[in-house]
Structures are given as structure tokens and as C-alpha cells.
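So the chains spell out like this:
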Amino acid sequence: MCGTILSGAAISSSAQAQDAEQAAPAAAPAADTIRTIVVEGAQRLEPTTVLSYMKLRVGQPYTQEAADQALKDLFETELFKDVSIRNNDGAVIIEVIENPVINRILLEGNKRIKEDKIYPEIRLAPRQIFTRSKVRADVARIIELYKRKGRFAASVEPKMVQLDQNRVDIVFEINEGPKSKVQQINIIGNEAFSDGKLRGEMVTKQSRFYRFFSSSDTYDPDRLAFDQQKLRQFYLTEGYADFRVISAVAELTPDKRDFIITYVVEEGDRYKFGDVSVESEIRDFTPEFLTPQLPMKTGDFYNAKQVEDTVERLSETAGLFGYAFADVRPEFTRNKDTLTMDILFQVAESDRVYVERIDINGNTLTQDKVVRREFRLNEGDAFNSFQVKRSANRIKSLGFFQEDLEIEQKQGSAPDRIILEANVEEKATGELQLSAGFSSVENFILQASIRQRNFRGKGQELRASVSYSSFSQSIELGFTEPYLFDRNIAIGADIFRRDLNSFNFVNNNRETTFEQLTTGFQIRAGVPITEYLSASFRYGLSQDDVTLKPSLFFTDSNGDGIRGNSAGDVCDPILAGRFLCDALGSRTTSSIGASLIYDDRDNRIRPTRGQSVVGSIDFAGLGGSVKYVRGRLNASKHWRVLGDFIFTASAEGGYIHPLENRSKTPGDGIDDVRLTDRFFLGEPQIRGFDIRGVGPRVVRSSTVPGLDANGNPINEIVQVTNGRQTDDAIGGRAYYLGRAELEIPLGSGARELGLRPSIFVDVGAVFNVTHPLLLTDLQTQRQRTILDADGKAVGVAPEYLTVDAEGKATTTLDAVDANGNPNPIATNFVERFFGDTPSPRVSVGFGVNWNSPFGPFRIDIAKALLKEPGDDTKLFTFNVGTQF
């Protein structure tokens, strides 16, 4: 772009014309008086607007200097692509070509940074005047954005697409380039600590292949400054009070792809604590009481973090006594000769503060009382910093508001008054879920549920769910009122109907053994005892109907070859086992229970610290046909360790004691606790084992004739393919289970995806059940029908089940009947009882939780280290589309 001053005939403003003028310069004309000024070429701007940008006026003398200044003034407006000025004996003509108008702004090539992150950096906008300086500034801002994301090789090429009516589209073509990694971190001047130790304190890490989930090895200038502060904090906690970072330099590698960072440090001398004391002007805070409570002692190495924590602790302690604005200041005295640091904590005088008002802002749906009743302070109470913090945690635990909620403390109308202000941001509390998935436990799953955790803004919970899978169908309705009649009493009710199918494994194939249909309801109530201790009570009534598949497990009393089709057909203990036959029937359970709960966790959904202990007891026998007492104890504790790692240790156990005698004769193998009331253990409680894969079980194996190495006939227990191998878990009266799990933090990118990996150790056992009466423990006589040649029954003959010295049972029943139909028991078999021992089963492994777009996903890979004969192990398990 250029401007040319013309006198007389018009001359082009092109570079060629300028070169011609330089080759043959003309004599400067004499100054003329400006008689008229005419603007040509303006399309959007008024001529008067163009004239207002320059100082040329009618009546002034026209000079070269005045024309040059006018050109300069017009170009500085950045409204014109080109300007020329002609003077014809005082008639000045100003010819302009306006800059185009921006029609739209487009981005191409951006994949790593989304458009909604780039557009706010661009100052140009549609309907603005295009200028090259603004384009250059926007290019610089986009490149700076990519640098902040660690992509220093990024480049931006602006393109202009000419349109009609003097309009243009601006296209920023972006070449993002690779991420700039930190290839190496060098530290110079450190003597007390190794390079590796200091690198471990930094947020920035050296690029390594195993950090593909982390962004810590990406170069970031802001992170470089933060790491200098981290180094200083580390040295100050180790006693080096004079430590400083002399320089921190980041250099690009020759290939311009990665960075090498070099720190130059000066450690200085190491100090110890000298005299440490407290001076207080608050009446309730006496130095004699506070000084012995200080964590640092004379002779300990100086620790600046300990000093900061002590200041915070003294302030919180003052807040416990109502001094909200207590001023605690440490006074340092450095003794360079003895390398000691004397510290005097000065607690200035302040007024005891009372709560003037509690304000709640931002709640549009949730009623004020729902938030206000979680406050541990009331208006007029003495201020207490601990109760303020506890109030914030209780409000966050509701799950209705943002996670980073804080209660602000503001000065009230007087020095001894304070205003507590809770600024909440409501989030969605309704959940509607329609899902289909696949589980290694239940195969195909269909689930629909609706839940509102803040029904009508009153904090009530309303829920309904329906689920269907190969082994379970259920429908449940529930309602909970956390504050009955605005009193701190929770009450709730549930109505349910569940159809559960138990199954065994036949050569790794599932086969239904019995079905349990449960219909009932439960009423619940809970009351707090203290801030962290509460009690709950419940009453439940349910009807259980347990059935076996007659065609598989019933006798054929009329000899027609069809099992379970006549009134005389009953459960066959040879086919089903005495333990399954014993579970059949209809029963009613009327139970009352109570729980005592201690819970001070910071978050009930995903806790990072705190513990919970739950002890419960249930008594069945208030009417109904089932009578027992069952007790359970659950405990868990959570720690944040090694930075952001979360370690969880949990333990639980239970025992059920029968209050009835179901055994008809001594030694009949009938346990006084029904099969459906016992404890079972396996997947998913203890990983590394199959569902109900731990604990007492009866395994029946077929024995078929075979040949030894010499060709002699033998009988051996084998895994056959005709369904003759059965494995039935029968549960126990007692169990225990322990877990230790370490959740591993990932980079911000993985956290945004909802990935939470962990490593774990599980230990547990279920035991204590009456030894079942195995069929091979008896000489059993049965009747078999004798058929004539036409297949008609002509009588019965005795059939005997005999047991040899090895415990193998054989029958006298033919392999096929007269019609050629196979007899399912005409095979030799042996039954064994396993697993009734409290010996621990132990497994270790790792897993990943993923909040995927199509539902929560959990995968576990676990190896059983300790197991007992009969236990069923499983290496790999996963769940999709259901809750864990």
C-alpha cells in the first residue's frame, strides 16, 4: 500500500511510477491556495468523515509537507487500502480505496485445540474493517495459545478470500505441529540432594515413553515458574532458609522440537529451630497452654511449611473460641553464627465474634431451608471456624451444588459481628437412565431408572427402576424424606419385586439350578445422635418362593420318561442335591433391624479422607416362617498419600445365627439356616474369583472308564462334556472380607475422560455350614419301573446305589431304558464337599473405572494368590452399562 502526491496530471501510485519519479524528479510546484477538496472512491464512509481524519482545509496553502501529513493521517486510521492526493491549481482531489469488510472468520487445521478456545483469542470479528495489523496481532495470539499448550512449533498462515461488495473471508490455516516435550532437566549447584530427588519435587517431568497418559512432560513457561517455587518450598521444609534459584533457562533443542531446562541454585546453610514460643494478647489464649502444643521443638531442622501450618492451626484454634479475625504472625530471628531460627508466634488482640446473618445465594430450585439446616451454626451463635468448615462439607455432601463450594466470611455491621455467605451453584439432580449393556456376571442387561435426589427442591429422594438380564429381573420403587416435619429425622420406604436365578457351572456353561421370587417392602427411619454418629431402624416383610426346574431335577414317579409332570414327582436328591431340595418352598420373612453408623468422610460418593464404621443387626421372627439373628460390621478408612494418591482400606464381616431347628434327625445334613439366607462370596466382592466362587460347595464329577498306560481299564474323575460335572455353592453362616486399594492419579487429560485406575489386594472367606449329606455317604435304595416289550409298565424292581472304598457311587440302573432313552443317573459319579474353612483367600490385581459416554465401565484383572480346593477363580472381569 502507498500514497502518492500529485500536482497537475494524475500519476499512478504504483511502485513503477515511484521508480520513474525517482529516476527523473520534477521540480516542486509553487504553493497554491486550496480552493476545494473533493473525496472520491468512498463507499461506506461519508466524505466529511474522511476529511475529519486529516488537517487539510480550504483556504490553507497547499504544500508538500501538508499533503504528506494528510496521507499519514489517513493511513493511520487503517480504514483505507490505498490513498492518493491530486492538486489541480487549488482543486484538491483525495482518492481513496477502502479496506474490505470482514464477512466471516474461519479456522482450518486445528484439531488439538477446539474452536471455542481459539475464537476468544481473535480480536477481528465479522462486519469489522479488515486491517493487516489486526490480522498479524491475531496470528500472534493464536501462536501464543498453542505455546501455552506446549506446541512451540505451531504456525498460522492467514488467507484472505475476496468476495463481492468489497467483502472478504479471513481463513487462519493452522499447522499445529508436535507437542514440545521436556527432553532433559539439569540442575546445577545442588549438593545436599540429588538431581533425581529435586526432579521428583517438580511438576514438570522429563519426557519418557511411559508418560503417555500425563501432560507433565510438556513444556509450559508458567509451569517453569511454578517449579521454581516448588524447589524453594522443598528446601525451606528441609531447613535451607537462604535457598534461592539463581536462574532457570529453557532452551530449544537444535531440531526445534523439545526443550532442555537448566536450573542454577544456591542452597545456603541449613538451619535448626532455636527458641520457639507464643505470645498472646487474647485472654483465653495463654502462652503457658499454647507453647507446649507447638509441633516444632528446639533442635529440630527448620521447616517453613511447619511454621505455616502452625499459624493456620493457631488461627483455627482461635476460631474455635469465637475469634474469627484473630491475627497470628510469626516473628523470625535468624542466628547465622549458630545456624538457628528463633520464632515467636504473636497472637494479636481481637474481639470475640458472633454470627450476625447467614446468607444463601444462587439457589433457584432448592429451598433455603434445605441448605440452612446443614449449617452447624445459627444466627446469633458464637463464631466457630470448625463448624463453618463442617457446614461447607455437609452442604457439598448433599450433591445438589458445586464441588468447590466455600462459605465466605464477611465483616458484619460491627467489629464483633460476622456474616456467613454461601454462594451455591445448583447442578442437575435428576437422573434418567435407559441403558443396555453386557456383564460378565449377568450377560445381556436392560435397565431403565429414574431418580430425583432433590424432589420439589425439598431434598427428598424419589426413585424407580426396572432391570432385566438373563439371571435377574426386578422392579423397585423408593422414597426418602430426610427431614420429617422439618425435624432431623429421616424416613423412607421401598417396595420391590425381584426374580433371581441361581446357577451352577457345567463345564464352564451356566445352568439354572433354582429360581427365587421375592416380593416385599421395607420401612426405614434414621436419627442423628451426634455430628458424626447416627442410628437407623428398619422393618421389612418379604415373601420368598424358591423353585427348581422340574424337568431337570424332579423324579419320574409314573415312569413315563417325563420328570415333574405328576403329583408324585418330587425333588430328586441325586439330580439336585439335598441342599437344593432343602431350599424349595415358600416362606415369609418378617424382620426388624437397627444400625449404628459413624461417618466423618469428606465425600460420601468419592471420599479422599475420613472413615466410616457401620454396625447392624437384624432379627427375623416377628411372625413369618423364618427365624434368625444376623449381624454385620463394615469399616473403611481413606487417606490422601504421596500427593494425589488415594489409599482406601476396608473390612467387613458378618454372622447369622438360626433361631429354629430345621434338622429332623441327627446327621441328616440339614443346616438350620436356609440356603437363601446364608452369606456368599465371590465376584464382585472379592476379585480374582468367580461369582460365588469362594466358600462351601458340593462338586459332583462323573467317573468314566478309561485306560492306563498299559491299556488296563481304570475309573477316573474327568471333566466330561455331557453335563455331568456340577458345582453348587451353598454359602455359610459367617464371612469376612478385607480390601486395600490405591487409586492412581492421572494427568488432566485422562481425568477429563473419567479414567481412574487402581491397584488392589482382596482377602476374604465364607464358612461355617453343616456338612451336607452327600449321596455317596449312604446306601440308597430306589425303585425303577420295569417295562415290557411294548413299553408298558409291568412292575417295579429295586435299584441300589452302592459306594466303594474310594467313595465312588454306582447304580444298577441301565444306561438306557426299554425305549432307548438315556437315563441321566446311569453313570458312575463321586460327590465331594469343599471350602468350609476360614482360611483366607487372597487376590491381587489392577482395575480401571471409566465414566464412558455410554455408561460407567469397570474392568479388573486379578490373580488369586491363595485359594482352597473347590474355589473357582477368574482372571478377567468387566461390567458395562450398569452401576458398580
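Above this note sits the structure.
Since we're looking at a predicted model, the values are computed, not measured.

**Concerning the overall build of the chain**
At step 1: Broken down by element type, the chain carries 15 helices and 41 strands.
At step 2: Relative to its 884 residues, the chain shows a buried fraction of 41%.
At step 3: Taking all contacts inside the chain whose residues are at least 6 apart in sequence as the whole, residues at least 24 apart take part in 59%.
At step 4: Carbon and sulfur atoms provide 53% of the accessible area of the chain, an area that totals close to 46100 Å².

**Thoughts on the side chain of Gln-460**
At step 1: By the secondary structure assignment, Gln-460 is in strand 21 (residues 460-469).
At step 2: Side chain to side chain, Gln-460 and Glu-481 meet in a polar contact 2.5 Å long.
At step 3: For Gln-460, the contacting residues outside a window of four places in its chain are Gln-452, Arg-453, Asn-454, Phe-455, Phe-479, Thr-480, Glu-481 and Pro-482.

**Quick notes on the packing of aromatic side chains**
At step 1: All told, the structure shown has 16 aromatic pairs when counted by the stated rule.
At step 2: Here the guanidinium or amino end of Arg-270 rests over the ring plane of Phe-301, the centre of that ring lying 3.6 Å away.

**Remarks on a nonpolar patch on the surface**
At step 1: A contiguous nonpolar surface patch, about 490 Å² in accessible area, is contributed by Leu-477, Ile-491, Ile-495, Phe-521, Ile-523 and Leu-541.
At step 2: For the nonpolar patch, the secondary-structure elements that each account for two or more residues are strand 23 (490-506) and strand 24 (509-528).
At step 3: Take Leu-541: its relative accessible area is 30%, and that puts it in the partly exposed class.

**Examining helix 7 (residues 221-237)**
At step 1: A rise of 1.5 Å per residue sets the reference length of helix 7, with its 17 residues, at 24 Å; its end C-alpha atoms lie 25 Å apart and thus fit the reference within 8%.
At step 2: Taken together, the buried positions of helix 7 are occupied by Arg-223, Leu-224, Asp-227, Leu-231, Phe-234, Tyr-235 and Leu-236.
At step 3: Of the surrounding secondary structure, the elements contacted by the buried residues of helix 7 are helix 6 (195-201), strand 11 (244-252), strand 12 (259-266) and helix 9 (304-320).
At step 4: The distance from a side-chain oxygen at the start of helix 7 to the backbone nitrogen of Asp-222 is 3.0 Å, and the residue carrying that oxygen is Asp-220.

**Considerations on the sheet that holds strand 8 (residues 155-163)**
At step 1: With respect to topology, three strands assemble into an open sheet ordered 7-9-8, the strand pairing being mixed. Unpaired on one side and paired on the other, strand 7 (101-108) and strand 8 mark the two borders of the sheet. Strand-to-strand twist of the sheet, defined as the mean angle between neighbouring strand axes without regard to direction, takes the value 20°.
At step 2: Here strand 7 runs beside strand 9 (residues 167-175); their pairing, made up of seven bridges, is parallel. Each bridged residue has a counterpart across the sheet, and for Ile-102 the counterpart in strand 9 is Val-168.

**Looking at the side chain of Ser-280**
At step 1: Checked against the element boundaries, Ser-280 lands in strand 13 (residues 272-280).
At step 2: In terms of polar contacts, Ser-280 uses its side chain to reach the backbone amide nitrogen of Ile-282, at 3.1 Å.
At step 3: In this view, Ser-280 contacts Phe-285, Pro-287 and Val-347; residues no more than four positions away in its chain are not counted.

**Looking at the nonpolar core**
At step 1: Counting 24 residues, the largest nonpolar core has Phe-273, Met-296, Tyr-302, Val-307, Ile-343 and Phe-345 as its most contacted members.
At step 2: Taken together, the elements giving at least two residues each to this core come down to strand 13, helix 9 and strand 15 (340-347).
At step 3: With five residues, the top contributor of residues to this core is helix 9.
At step 4: Membership of the second largest hydrophobic core comes to 21 residues, among which are Ala-324, Val-370, Phe-400 and Ile-407.

**Quick notes on a negative patch on the surface**
At step 1: The grouping of Glu-279, Glu-281, Glu-331, Glu-349 and Asp-351 at the surface amounts to a negative patch.
At step 2: As for its placement among the helices and strands, Glu-331 is situated in strand 14 (residues 328-335).
At step 3: What makes Glu-331 partly exposed here is its relative accessible area of 39%.

**Points about the environment of Glu-331**
At step 1: Spatially, the C-alpha atom of Glu-331 lies 5.0 Å from that of Leu-344, the residues being 13 residues apart in sequence.
At step 2: When residues no more than four places from it in sequence are discounted, the contact partners of Glu-331 are Asp-342, Ile-343, Leu-344 and Gln-346.

**Points about the pattern of salt bridges**
Should the charged atoms of two oppositely charged side chains come close, the side chains can pair.
At step 1: Scanning the model with the defined rule gives 44 salt bridges in all.
At step 2: Between Asp-860 and Arg-687 there is a salt bridge, with its nearest N and O atoms 4.0 Å apart. Linking Asp-860 in strand 40 (residues 855-866) with Arg-687 in the loop between strand 29 (645-658) and strand 30 (697-707), this pair joins segments that are 173 residues apart in sequence.
At step 3: One continuous salt-bridge network, built from bridges that share partners, spans Glu-374, Arg-376, Arg-390, Arg-394 and Glu-531.

**Comments concerning the pairing of strand 18 (residues 417-423)**
At step 1: Burial within strand 18 is extensive, with five of its seven residues counted as buried.
At step 2: Where strand 16 (residues 354-361) lies against strand 18, seven bridges are found, and the strand directions are parallel. Its bridge partner being in strand 18, Arg-357 is matched across the sheet by Ile-419.
At step 3: As paired strands, strand 17 (residues 407-411) and strand 18 are joined by five bridges and run antiparallel to one another. Bridge pairing links Gln-409 to Leu-420 in strand 18.
At step 4: Between the antiparallel neighbours strand 17 and strand 18 lie five residues.

About the criteria used
Residues numbered from 1 in each chain as written. Predicted model: local features only at pLDDT ≥ 70, side-chain atom pairs only at ≥ 80, totals over all residues. Heavy atoms only, no water. Helix = DSSP H or I, 4+ residues; strand = E, 2+ residues; numbered from the N terminus. Buried < 20%, exposed > 50% of the residue type's maximum accessible area, 1.4 Å probe, protein only. Contact = heavy atoms within 4.5 Å. Areas by Shrake-Rupley, 256 points an atom, 1.4 Å probe, with all protein chains shown as cover. Polar contact = N/O pair within 3.5 Å; in protein donor to acceptor, adjacent residues only side chain to side chain. Phe/Tyr/Trp six-rings, centres within 6.5 Å; stacked < 30°, edge-to-face > 60°. Lys NZ or Arg CZ within 6 Å of the ring centre and 35° of its normal. Patch = residues over 30% accessible without salt bridge, like charges linked within 9 Å, V, L, I, M, F, W, Y side chains within 5 Å. Salt bridge = Lys/Arg side-chain N within 4 Å of Asp/Glu carboxyl O. Expected span 1.5 Å × (residues − 1). Pairing = 2+ DSSP bridges. Axes fitted to C-alpha atoms, helices over the stretch in contact; angles between N-to-C directions. Core = buried A, V, L, I, M, F, W, Y, C linked by side-chain atoms within 4.5 Å. Lys, Arg positive; Asp, Glu negative; His and termini not counted. Charge placed at Lys NZ, Arg CZ, Asp CG, Glu CD.

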